[in-house]
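Observations on chain architecture
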Amino acid sequence: MTVKFFGQFLVEKGVVSGETLRKALELQGSVNLKAGEIAVKMRHLNDSDVLRIHEAQRSADLRFGEMAVRLGLLDEMQKKEILTWQKNHHLYIGEAIRRICGLGEEDLERLLQEFKIDQAPCDAERSRLPQGVREPQLWEMTADLTGKLLTRIADLPTRPGPCRIVDNLAASEVLASATFTGAASGQYLLSVSSAAQTSIARAILKKDDLSGETVEILDDTLRGFVATVLFNLTASSAERGKRLEISPPSVSRPPAGIAVPPGHRGLLFPFHRGNGDRIELALFIRQ
């Protein structure tokens, strides 16, 4: 049972080549505008407004339109107009592939159904935590916030895989970690590849070229990202009557895996990327 994206599924079946998928992804990226880009295109907002909304999203689990309304930069009608435009102009990867290589509509629909059947076991298991885990809603919320903010802040859309119990976190190219105490105690560990760290830094620094940036700067952006996730976690958990205290995040490059400490339980939440890369969230929870 392997989590896949539709384009990856088509390449593995030999329906399209990797080059065709790359071109389709480029086409999709050029067509599918973000909410902020649409708002500027419609002249509802300017670039400074969009930046302000993005900054505010770091401290609250709200979508772009919801935050814009909260800040008084959009009204509900304008938000609806933006979302409707986005929905009506969205290009799905299957349609992008069809435009690139001429795949027939009937073939595309058949392959999409095959893909859904292939991924059904993953989708069924994805939302389930293993039996016997205490405070399951808290850990589901932690994983959900991590995935949401990877998309919203770092522009790294992922597909979450099923959570599983682990005895250790495998060796990581880059590891950001923090400890938490209060309603629950343990460690938050986010394992990312060097490529994913660079993508996070590009999004936060708003720079395409990071060749002049030091490792310290890249690490600082990753610490900032994790701090944002955990800030949102403490706020959301407090609303549910569960208070958490979080330590400042640190970044390391451990040469080997990290074992779950005695008296703790390890939960692993994988986040799969379309390029085959994977980001992993581990929670070592004191029992």
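Structural notes, computed from the coordinates. All values reported here derive from a predicted model rather than from experimental measurement.

1. Overview of the overall build of the chain
On a plain count of helices and strands, the chain comes out with 11 helices and 10 strands. Here the C-alpha radius of gyration of the chain, 20 Å, is about what a compact globule of 287 residues would show, namely 19 Å. Along the first, second and third principal axes, the C-alpha set of the chain runs to 55 × 45 × 40 Å. By the burial criterion, 42% of the 287 residues in the chain qualify as buried. The contacts of the chain with a sequence gap of at least 6 include a subset with a gap of at least 24, amounting to 69%. Of the roughly 15,100 Å² of accessible surface on the chain, 49% is carried by carbon and sulfur atoms. If the 37 positive side-chain charges of the chain are averaged to one point and the 37 negative ones to another, these points end up 3 Å apart.

2. Section: the nonpolar core
In this structure, Trp 139, Tyr 188, Phe 225, Leu 267 and Phe 269 are the most contacted members of the largest nonpolar core, which totals 39 residues. Only α9 (136-152), β4 (174-182), β5 (186-192), α10 (194-205), α11 (215-239), β9 (264-272) and β10 (278-286) provide two or more residues apiece to this core. Considering every element that reaches this core, the biggest residue donor is α9, with seven residues. If near-sequence neighbours (up to four positions away) are discounted, Leu 267 is found in contact with Leu 129, Pro 130, Val 133, Trp 139, Cys 163, Arg 164, Ile 165, Val 166, Leu 281, Ala 282, Leu 283 and Ile 285. Judged by nonpolar contacts, the second largest core, of 15 residues, contains Ala 35, Ile 38, Val 50 and Leu 73.

3. A few points about the environment of Gly 257
Relative to the assigned elements, Gly 257 resides in the loop between β7 (250-252) and β8 (258-259). Setting aside residues no more than four positions away along its own chain, Gly 257 makes contact with Leu 169, Ala 170 and Ala 171.

4. A closer look at helix α6 (residues 76-88)
If you check α6, its first and last C-alpha atoms are 18 Å apart, about what 13 residues at 1.5 Å a residue would give, namely 18 Å. Between a side-chain oxygen at the N-terminus of α6 and the backbone nitrogen of Met 77 the separation is 3.1 Å; the capping residue is Asp 75.

5. Observations regarding the pattern of salt bridges
In this structure the tally under the stated criterion is 21 salt bridges. With a closest N to O distance of 3.9 Å, Glu 105 and Arg 98 form a salt bridge. Residue class for Glu 105 comes out exposed when judged on its relative accessible area of 58%. The shortest N-O distance in the salt bridge between Arg 110 and Asp 107 comes to 3.6 Å. Of the two residues, Arg 110 and Asp 107 both sit in helix α8 (residues 105-126), three residues apart, roughly one turn of that helix. For Arg 110, a relative accessible area of 42% gives the class partly exposed. A residue is classified by how much of its surface remains accessible, and Asp 107, at 36% relative accessible area, is partly exposed.

6. Re the packing of α9 against α11
It is the contact of α9 with α11, at a shortest axis distance of 10 Å, that shows an interaxial angle of 140 degrees. In terms of orientation, α9 lies oblique with respect to α11. For the pair α9 and α11, the crossing hand works out as right-handed. Together, Leu 138, Met 141, Thr 142, Leu 145, Thr 146, Leu 149 and Leu 150 of α9 and Phe 225, Thr 228, Val 229, Asn 232, Leu 233, Ser 236 and Ser 237 of α11 make up the contact between the two elements. Of the residues belonging to the contact of α9 with α11, the class tally is eight nonpolar, six polar and no charged.

7. Let's talk about unusual backbone geometry
Of note, the phi angle at Arg 43 is positive, near 65 degrees, even though the residue is not glycine. Note on placement: Arg 43 falls in the loop between α3 (35-41) and α4 (47-57). Positive phi values are uncommon outside glycine, yet Lys 206 reaches one of about 55 degrees. Looking at the secondary structure, you find Lys 206 in the loop between α10 and α11.

8. Observations regarding α11
Its 25 residues give α11 an end-to-end C-alpha distance of 37 Å, which sits within 8% of 36 Å, the value for a rise of 1.5 Å per residue. Immediately downstream of α11, the backbone of Gly 241 shows phi near 80 degrees, a positive value.

9. Overview of the packing of aromatic side chains
This structure, assessed with the given rule, holds four aromatic pairs. For the pair Phe 6 and Phe 9, a centre-to-centre distance of 6.5 Å together with 20 degrees between the ring planes defines the contact as stacked. With a gap of three residues between them, Phe 6 and Phe 9 both fall in helix α1 (residues 6-12), about one helical turn apart. Among the residues examined, Phe 6 registers a relative accessible area of 8% and is labelled buried. By relative accessible area, which is 6% here, Phe 9 ends up buried. Taken together, the aromatic side chains of Phe 6, Phe 9 and Phe 115 make up a single cluster linked through ring pairs.

10. A few points about the packing of helix α2 (residues 18-31) against helix α7 (residues 93-101)
For any two helices packed against each other, the geometry comes down to the angle between their axes and how far apart the axes lie. Taken N-terminus to C-terminus, the directions of α2 and α7 make an angle of 115 degrees; their axes are 8 Å apart at the nearest point. The crossing of α2 and α7 is right-handed. Contact with α2, carried on its side by Thr 20, Leu 21, Lys 23, Ala 24, Leu 25, Leu 27 and Gln 28, involves Ile 93, Ala 96, Ile 97, Arg 99, Ile 100 and Cys 101 of α7 and no other residues of that element. Across the contact of α2 with α7, the residue classes tally to nine nonpolar, two polar and two charged.

Criteria and thresholds
- Every chain is numbered on its own, with residues counted from 1 as its sequence reads.
- Only residues with pLDDT of at least 70 get local features here, since the model is predicted, and only at 80 or more are side-chain atom pairs given and counted; chain-wide, interface and lining totals rely on the full set of residues.
- Note that water and hydrogens are dropped before the side-chain values are worked out from all heavy atoms of the structure.
- In this description a helix means any DSSP run of H or I spanning at least four residues, a strand means any run of E spanning at least two, and both kinds are numbered starting from the N terminus.
- This radius of gyration counts C-alpha atoms alone. The globule rule is 2.2 Å times how many residues there are, raised to the power 0.38.
- The buried label applies to any residue whose accessible area, calculated with a 1.4 Å probe on protein chains only, is under 20% of its type's maximum; exposed applies above 50%, and partly exposed to all values in between.
- Pairs of residues are marked as contacts when any of their non-hydrogen atoms sit within 4.5 Å.
- For the accessible areas, the method is Shrake-Rupley and the probe is 1.4 Å, while residue cover comes only from the protein chains on display.
- Positive charge is attributed to Lys and Arg, negative charge to Asp and Glu, and no charge count is given to His or to the chain ends.
- All charge positions are set by atom: Lys at NZ, Arg at CZ, Asp at CG, Glu at CD.
- In this text, buried Ala, Val, Leu, Ile, Met, Phe, Trp, Tyr and Cys residues form a nonpolar core when linked through side-chain atoms within 4.5 Å.
- Expected helix span is given by 1.5 Å per residue-to-residue step, counting one fewer step than there are residues.
- Polar contact is defined as a pair of N or O atoms within 3.5 Å, subject to the rule that within protein one atom must be able to donate a hydrogen and the other to accept it, and that residues adjacent in sequence are counted only when both atoms are side-chain atoms.
- Criterion for a salt bridge: a side-chain nitrogen of Lys or Arg within 4 Å of a carboxyl oxygen of Asp or Glu.
- Note on geometry: axes are lines fitted to C-alpha atoms, helical ones only across the stretch in contact, with angles between N-to-C directions running from 0 to 180 degrees.
- In these notes the angle categories are as follows: under 35 degrees is roughly parallel, over 145 is roughly antiparallel, 65 to 115 is roughly perpendicular, and the rest is oblique.
- If you view the pair so one helix is near and one far, a crossing is left-handed when the near helix is turned anticlockwise from the far one by less than a right angle, and right-handed when it is turned clockwise.
- Under the scheme applied here, ten amino acids are nonpolar (Ala, Val, Leu, Ile, Met, Phe, Trp, Tyr, Cys and Pro), four are charged (Asp, Glu, Lys and Arg), and all others, including Gly, are polar.
- Only centres within 6.5 Å qualify two rings of Phe, Tyr or Trp (six-membered ring in Trp) as a pair; their planes then separate them into stacked at under 30 degrees, edge-to-face at over 60, and tilted for everything else.

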